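This is what each chain is made of:
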Amino acid sequence: MIRLTIDGQEIEVREGTMIADAAARLGIDIPVYCYHEALGPLGACRMCLVQVEKMPKLATACTTAVAEGMVVHTSGPQVDKGRKGVLEFLLINHPLDCPVCDKGGECFLQDYTFRYGPPQGRFQEPKIQKVKDGPINDLILIDQERCVLCQRCVRFMDEYVGEPQLLLEGRGVETVVTTVEGKPATSQFAGNVIDLCPVGALLAAPYHHKARPWNIERQESVCTLCPVGCTTLTTGRDGQIVRVEGRPVVDRNWGWLCDRGRFGFDFAVHPRRITTSWLNGREEAAARTTREIGQWLRQVIENEGPDRVAFVIGGLHTTEEAHQLYRFATEVVGSTGVVVSRDVPGYLPRGLNGTFEDLAAADAVILVGTDPYESVPVLHLRLRERLKNRRQPVQLMGVAPRELGRPTLPVDTLVTHVGHEADVLAAALKRGAPQHPVVETLVSKGAGIGQGLSEADLARLGDALLQSERLVLVWDGVEPEVEAAFIALAQVREGKRTRVLPTFGPSNWRGFERAGFSAQYAALTQVLEAARDGEVRMLVLWGADLLREYPDRRLVEDAYQKVQWLVAEGLFLPTGHEAFSAVVPGAGPGEVYGTYVNMEGRLELATPSVNPPGQARPTKSYLTAWAHALGRPFVVDDEWDPYDDASADLLPDEPVPTTITPIAAPVSNPGEVELVLSAMVWDNGIPSQILRSRMASPLARVSVADAERWGIREEGLVRVESRGETIELSVKVDERLTPGRLLVPLGGSTIPANRLQAGPVKVQRVEEVQAR
Amino acid sequence: MSQTYYLLRHREVPNIGQIAVYRAHGGYEALRQALKQYQPDELVDLVKRSGLRGRGGAGFPTGVKWGFLPKDGRPRYLVVNSDEAEPGTFKDRELIENNPHQLIEGMIISSYAIKANEAYIYCRGEFLRGYEELSRAVQEAYEAGFLGDNILGSGFSLNIFVYRGAGAYICGEESALLESLEGRRGNPRLKPPFPAVAGLYGMPTIVNNVETIANVPPIVTYGAEWYTSMGTEKSPGLKIMSVSGPVNRPGNYEIPLATPLRRLIEEYAGGLKDGRQLKCIIPGGSSVPLLTPDKLDTPLDYESILQAGSMLGSGGCIVIDDSVCIVKASHRLVKFYREESCGKCTPCREGTYWMADVLERLEMGLGDERDLATLTDVADNINGKCFCPLGDASIGFLVSAINHFRDEFEAHVREGRCPLGAKVYDTANY
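As the structure is a prediction and not an experimental result, all values here were calculated from the model.

Definitions and limits used
Residues numbered from 1 in each chain as written. Chains lettered and ligands numbered in written order. Predicted model: local features only at pLDDT ≥ 70, side-chain atom pairs only at ≥ 80, totals over all residues. Heavy atoms only, no water. Helix = DSSP H or I, 4+ residues; strand = E, 2+ residues; numbered from the N terminus. Rg over C-alpha atoms; globule rule 2.2 N^0.38 Å. Contact = heavy atoms within 4.5 Å. Areas by Shrake-Rupley, 256 points an atom, 1.4 Å probe, with all protein chains shown as cover. Lys, Arg positive; Asp, Glu negative; His and termini not counted. Charge placed at Lys NZ, Arg CZ, Asp CG, Glu CD. Buried < 20%, exposed > 50% of the residue type's maximum accessible area, 1.4 Å probe, protein only. Pairing = 2+ DSSP bridges. Right-handed = clockwise from strand over helix to strand, strands pointing away. Domains from an automatic or database assignment. Buried area = accessible area lost by both parts, 1.4 Å probe. Salt bridge = Lys/Arg side-chain N within 4 Å of Asp/Glu carboxyl O. Polar contact = N/O pair within 3.5 Å; in protein donor to acceptor, adjacent residues only side chain to side chain. Axes fitted to C-alpha atoms, helices over the stretch in contact; angles between N-to-C directions. Nonpolar A, V, L, I, M, F, W, Y, C, P; charged D, E, K, R; others polar. Expected span 1.5 Å × (residues − 1). Arc of directions from axis to C-beta. Parallel < 35°, antiparallel > 145°, perpendicular 65-115°, else oblique. Left-handed = near helix turned anticlockwise from the far one by under 90°. Disulfide = S-S within 2.5 Å. Phe/Tyr/Trp six-rings, centres within 6.5 Å; stacked < 30°, edge-to-face > 60°. Lys NZ or Arg CZ within 6 Å of the ring centre and 35° of its normal.

## Concerning the overall build of chain A
The secondary structure content of chain A amounts to 22 helices and 33 strands. For 772 residues, the compact-globule estimate of 2.2 N^0.38 gives 28 Å, and the C-alpha radius of gyration of chain A, at 28 Å, lies within 12% of that figure. The dimensions of chain A, computed from C-alpha atoms along their principal axes, are 85 × 65 × 60 Å. Taking the intrachain contacts of chain A between residues at least 6 apart in sequence as the baseline, contacts between residues at least 24 apart amount to 73%. Of the accessible surface of chain A, which amounts to about 30400 Å², a share of 49% is contributed by carbon and sulfur atoms. Averaging the positions of the 82 positive and the 101 negative side-chain charges in chain A gives two centres separated by 3 Å.

Here it is in structure tokens:
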């Protein structure tokens, strides 16, 4: 530890800390543009000048590391003149068009000029003219005249994201930030440069000229589009959310978002958003529909019993809404079928759930099935940050039916056959701890073959699984047997920390579980089978869209046929809504107050920015009405609180199950092409007009070798046959994809992937009719 | 009466750039001697004892710099800075164009001393001929067995790569040079870490000027004592001075350090042309403050020049006579820095632009009485607040010009024109 004095206050900080960070700890504000803790020091803007005793010149606080006994002054005539000089320099070529700048009022150039700047400029010459409102891509604009050339954006894309799509061009006063060869930046993390920009140079196109700071209110919220649960600030104006920004949380996250989350907020005002009710396939006033549903409920309960009603929750509901529904279902109705909608069959016991802190401390990270870049993008950035910390090396491996490595994240992937992930994990455990009774039980039904993988591969995986001190696994839940492997692994590793980050949805499934619902796939299947068998008369889908989500589409179709009253609540009409008895419009994120639980099992509080549009109502409005129809008391404003006293913002820990379920030997007759199903945040069923250009290209993918075989160039159409069903898919060629695999997003709105089954499929190219 | 103590001694020899001719004049004997008689550390020690200081401008002791290399087994690199772009300086150009083998011999010895197996020459982009000569000479050296594996049976191996820059003055700054050499934008790097710790590709790297490295073979041949017998205690040895301006014999002159400035100008360079009166001298390239004629007797060594109010710098000695308008000269120099500022840090990027504009206005007679104060204050806001030395370099001449020739600046405002009738020709040229 180093002891130093800043403005007369003593502080002790770690060696290597920069003066700026040490000062921040004391609450002393040192102005900076170029410096960002996540990007490291640069020293370009010269805004953070401070005086250090015994140094001949002013020092930049962001590049000067602390030293024992250092005495720093962050103000004084010399410092003030230095800062004033720098600000005057920054302003000579600045257009001073604050009145028409989106950043006006929330701009560091304004703030610092107000605090430290000269009252008047002395520069009389013409200013340099540069590009204004030029595109970075269709979502981000750049005003090169306002740019202070702090390089945050360029360095973020280059060093942090690893997709160097922005650069500095020209030199001296002619330097500009622009894209490589003038091509649009395609990275899904590019939007972060808007937040990083300290001035009004990088702007969100959807927010361009939309509001002034005094028109708007920013609320702390959470992005619900994937299980990462990034913290956000939402800007509401005139009843609409017009902007989402990242919200840094000290010591927890930098506030990065992916573009899916940053620009995908417009689902709330999407043309497909429903704001009126539907009754028997026709639009109907909400009051009438609600009343009808109440009467149906009463009929079922009175005539056939409360067990004939089942509730499936899904979508983007808060934990509190889930709890209200749970209480209504169990206490008012008396139902026992209260389950969570699932699009993959895997389940993770709470006791194994890890946090991002675990990830930061891990010495081995193993991706099981999941490609974070596609399913949980910001986790990809966290993995990159973890990898860049060279002082604590980390081993990054993958077990998946396809290559997981990317230019931005090298992953030592063991490519398995589809459905063989659990077997490969078991095989590695068998090599690493052959005598262990737990492992013996695990493989007692024939698992542990490791088909197609070398002994060296399995031994390497075994070492990573067993020798690492702090192991984190990231799992997509596609293959349910993996859960047994995790439980066995944790037991074999004994005291050494073993944690899993689940990347599957619904994004708030842990919250639904906390509220009382069962998130087990078997429970959901049981409800659907009961419905198919005629035992459920009324099925209430709360945000769930089973026909799109549930892995076996046929079971859902059969169940829908059999159920007498099919009722849905949601933001959009559910798939196959023609068959629904009633659909009522629900309130979405940003419209209700409540908590979401992310993939860490962490509760995150969201404050609404706007009211639900049209006739859309929050959950409790409907429940209160129906309770009234049933003539039963129901008060939702109770004392329930998802937070736990002991575990703070994490859900309370639970013991890991001890029973080891043996894994069966996998089916070992892989076909020529195997279908890989994978969650993709860009096609998660939630529409966006702002992002439609990004969502346009087909997300299903084929490998280069297969594309050549089928005669597909870049993009094409294929017919896929599986489980007796045939669907046609648009595919694009993916040079990273392992040959012999067809990658299809699951749970998406564009492809009915749940008509297919993962594993061997027949694929045929379809000749397209040229429309153009 | 050209001064040719050592580095320029072969100036008159035809085809000295050919390896055969160079060897016939004793070339590569120092290399043979170094490999045979010295252990690498002994060579570092020898260079330390010789007191050789970096000839690129900063004058940092070369042997001390070599001693900074961490002994951690990582690969090391030698990079020769041949990006000579300082206005008024043209010594390295002569060294690489006329006698490339002398540099290559120095590089091999130096690489051996610092245990580097790869060495790079970063050649200024505009030096096409120098680049071609170096490339040819390196090829010759490979063919003669002075480069490649197991040089002269010593077990020491070295490969030299010649790289041509793309025309940026800033790449003469060692860390920007390394960025450029790695294929990135030529912006200076944050120090620490210094290149000796983390330089080219993150490895320990020594960056030395062409003249510095060319001084190594004679130090091996004649010894450290020979070198320290010239110059002063703190500034020993030889230095090539490039003299330009209205003198009778402009050119490069090799002098023992501490030779008086007057002797360089009046004897070697033949004094000013007829009818010209000395106005001032820039002794060390465009980045340093000027010296007035009363400082003519200053000895040309690092310390004395510093005491006289300027710097020896790169040895680019620009003679300015009384026909030159000091405002125009300042404008011309500041404009150079404006064009060459990389744009990384605010004061240099914006300040040079501002100063050049004000100076242009002054020279055109459109200035007002506040301009001089503004100039001085802008220069003060640049001074010591920039990321790299380029910003400070941009104000060196200007500030000294305002101090010594304030009357002339004021006359421009007072008379509303340049009293010397100088014109700004290239106003629309940017």
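Resuming the write-up.
## Quick word on the overall build of chain B
Summing up its helical and strand segments, chain B has 18 helices and 8 strands in all. Relative to a compact globule of 430 residues, whose C-alpha radius of gyration would be 22 Å, chain B shows 22 Å and is just as compact. For chain B, the spread of C-alpha atoms along the three principal axes comes to 75 × 45 × 35 Å. The 430 residues of chain B split such that 62% are buried. A separation of at least 24 residues holds for 71% of the contacts in chain B among residues at least 6 apart in sequence. By element, 50% of the accessible surface of chain B is carried by carbon and sulfur atoms, the whole surface being about 15900 Å².

## Describing the pairing of strand S22 (residues 497–502) of chain A
Residues and elements named next belong to chain A. A large share of S22 lies buried, amounting to 5 of its 6 residues. With 6 bridges joining them, strand S21 (residues 470–475) and S22 adopt parallel strand pairing. Directly across from Val-474, in S22, lies its bridge partner Leu-501. Handedness of the crossover is the feature at issue here: the chain leaves S21, passes through helix H15 (residues 482–492), returns alongside S22, and the resulting connection is right-handed.

## Thoughts on the domain arrangement of chain B
All names here are of chain B. When its domains are assigned, chain B resolves into domain 1 (9–228), domain 2 (238–321) and domain 3 (326–429). Facing 20 residues of domain 1, the contacting portion of domain 2 comprises 20 residues. Taken together, both faces of the contact between domain 1 and domain 2 bury some 1500 Å²; the carbon and sulfur share is 47%. Counting every contact that joins domain 1 to domain 2 gives 2 salt bridges. With its nearest N and O atoms 2.9 Å apart, the salt bridge here joins Arg-53 to Glu-303. Counting every contact that joins domain 1 to domain 2 gives 17 residue pairs in polar contact (both at pLDDT 80 or more). If you list the elements that add at least two residues to the side of domain 1 that touches domain 2, you get helix H5 (91–98) and helix H11 (224–228). When residues of the side of domain 1 that touches domain 2 are assigned to their parent elements, the largest contribution, 3 residues, is made by H5.

## Quick word on unusual backbone geometry
The omega torsion of the bond from Lys191(B) to Pro192(B) falls at -5°, within 30 degrees of zero and hence cis. Tracing the backbone shows Pro192(B) in the loop between helix H8 (174–181) and strand S4 (205–209). Note that the residue after Pro192(B), namely Pro193(B), is joined by a cis bond; omega there is 0°. Its place among the elements puts Pro193(B) in the loop between H8 and S4. Within the chain, Asp7(A) stands out as a residue other than glycine whose phi angle is a positive 50°. Its location among the elements puts Asp7(A) in the loop between strand S1 (2–6) and strand S2 (9–13).

## A few points about the sheet that holds strand S12 (residues 231–237) of chain A
Residue and element names in this part refer to chain A. With antiparallel pairing, 3 strands are arranged side by side in an open sheet as S11-S12-S13. Each of the sheet's edge strands pairs with one partner strand only, and the pair in question is strand S11 (217–222) and strand S13 (240–246). Each strand of the sheet is rotated relative to its neighbour by a mean of 35°, with strand direction disregarded. Where S12 lies against S13, 6 bridges are found, and the strand directions are antiparallel. The residue of S13 that forms the bridge with Gly-236 is Ile-241.

## Description of the pattern of salt bridges
When the charged atoms of two side chains with opposite charge come close together, those side chains can pair. For the structure shown, the criterion picks out 92 salt bridges over all chains. In this structure, Arg602(A) engages Glu600(A) in a salt bridge whose closest nitrogen and oxygen atoms are separated by 3.0 Å. The class for Glu600(A) is buried, based on a relative accessible area of 2%. Among the salt bridges present, the one from Arg32(B) reaches Glu29(B), with a minimum N-O distance of 3.9 Å. Of this pair, Arg32(B) and Glu29(B) are both found in helix H2 (residues 29–37), 3 residues apart, which corresponds to roughly one turn of the helix. By relative accessible area, Arg32(B) is classed as partly exposed at 28%. A network of salt bridges, in which partner residues are shared, links Asp371(A), Glu374(A), Arg402(A), Arg406(A), Arg701(A), Asp734(A) and Arg736(A).

## A short note on the interface of chain B and chain A
Between chain B and chain A, the contact holds 36 residues from the first and 36 residues from the second. Together, Tyr353(B), Trp354(B) and Lys385(B) form the three largest contributors to the area buried by chain B at its contact with chain A, with a combined 22%. Between Asp377(B) and Lys81(A) there is a salt bridge, with its nearest N and O atoms 2.9 Å apart. Looking at the side of chain B that touches chain A, the elements with two or more residues in it are helix H14 (326–340), helix H15 (346–363) and helix H16 (370–382) of chain B. A total of 10 residues in the side of chain B that touches chain A trace back to one element, the largest contributor, which is H15(B). Tallied by class, the residues present in the side of chain B that touches chain A amount to 12 nonpolar, 9 polar and 15 charged.

## Here's the deal with the sheet that holds strand S5 (residues 238–244) of chain B
All names here are of chain B. Read across the open sheet, the 4 strands follow the order S6-S5-S8-S7; overall the sheet is mixed. Bordering the open sheet on either side are strand S6 (251–256) and strand S7 (278–282), each of which pairs with just one other strand. Each strand axis lies, on average, 25° off the axis of its neighbour in the sheet, ignoring direction.

## Details of the pairing of strand S8 (residues 166–169) of chain A
Residue and element names in this part refer to chain A. The alternating pattern of S8 places Leu-166 and Leu-168 on a buried face, while none of Leu-167 and Glu-169, on the opposite face, is buried. Across 4 bridges, S8 lies against strand S9 (residues 176–179) in antiparallel orientation. Bridge pairing in S9 links Leu-166 to Thr-179. Connecting S8 to the next strand, S9, in antiparallel fashion are 6 residues, including Gly-170 with a positive phi near 75°.

## Regarding helix H7 (residues 286–304) of chain A
All names here are of chain A. A rise of 1.5 Å per residue sets the reference length of H7, with its 19 residues, at 27 Å; its end C-alpha atoms lie 26 Å apart and thus fit the reference within 8%. Among all positions of H7, only Ala-286, Thr-289, Thr-290, Ile-293, Gly-294, Trp-296, Leu-297, Val-300 and Ile-301 are buried. Viewed along the axis of H7, the buried residues span an arc of 160°, placing them on a single side of the element. H7 presents Ala-287, Arg-291, Glu-302 and Asn-303 as exposed residues on the side facing more than 90 degrees away from its buried surface. Just downstream of H7 lies Gly-305, where phi reads positive at about 105°.

## Description of helix H2 (residues 77–92) of chain A
An ideal rise of 1.5 Å per residue puts 22 Å on 16 residues; H2(A) measures up with 22 Å between its terminal C-alpha atoms. Taken residue by residue, H2(A) has Val79(A), Gly82(A), Arg83(A), Gly85(A), Val86(A), Leu87(A), Glu88(A), Phe89(A), Leu90(A), Leu91(A) and Ile92(A) as its buried positions. On its buried face, H2(A) is in contact with strand S3 (49–52), strand S5 (71–73) and helix H3 (108–116) of chain A together with H15 and H16 of chain B.

## Comments concerning the packing of helix H3 (residues 40–50) of chain B against helix H6 (residues 100–114) of chain B
Residue and element names in this part refer to chain B. Packing of H3 against H6 brings their axes to within 7 Å, and their N-to-C directions diverge by 115°. In this view, H3 runs roughly perpendicular relative to H6, as classed from their interaxial angle. Taken as a pair, H3 and H6 cross one another with a handedness that is left-handed. Of the residues in H6, those touching H3 at Pro-40, Leu-43 and Val-44 are Ile-109, Tyr-112 and Ala-113. Counted by class, the contact of H3 with H6 contains 6 nonpolar, no polar and no charged residues.

## Re the state of the cysteines
Going through the model one piece at a time under the given rule, you end up with 0 disulfides over all chains. Distance from the sulfur of Cys325(B), which forms no disulfide, to the nearest cysteine sulfur (Cys418(B)) is 3.6 Å.

## Describing the packing of aromatic side chains
As enumerated under the stated definition, the model contains 40 aromatic pairs over all chains in all. When the centroid spacing of 5.8 Å and the interplanar angle of 55° are considered together, the rings of Trp226(B) and Tyr227(B) count as tilted. The exposure class assigned to Trp226(B) is partly exposed, which follows from its relative accessible area of 23%. Classification of Tyr227(B) by relative accessible area gives buried; the value is 0%. One aromatic cluster is present, formed by Phe311(A), Phe328(A), Trp542(A), Tyr622(A), Trp626(A) and Phe634(A) through successive ring pairs. Sitting above the plane of the Tyr131(B) ring, Arg164(B) keeps its charged end 5.8 Å from the centroid.

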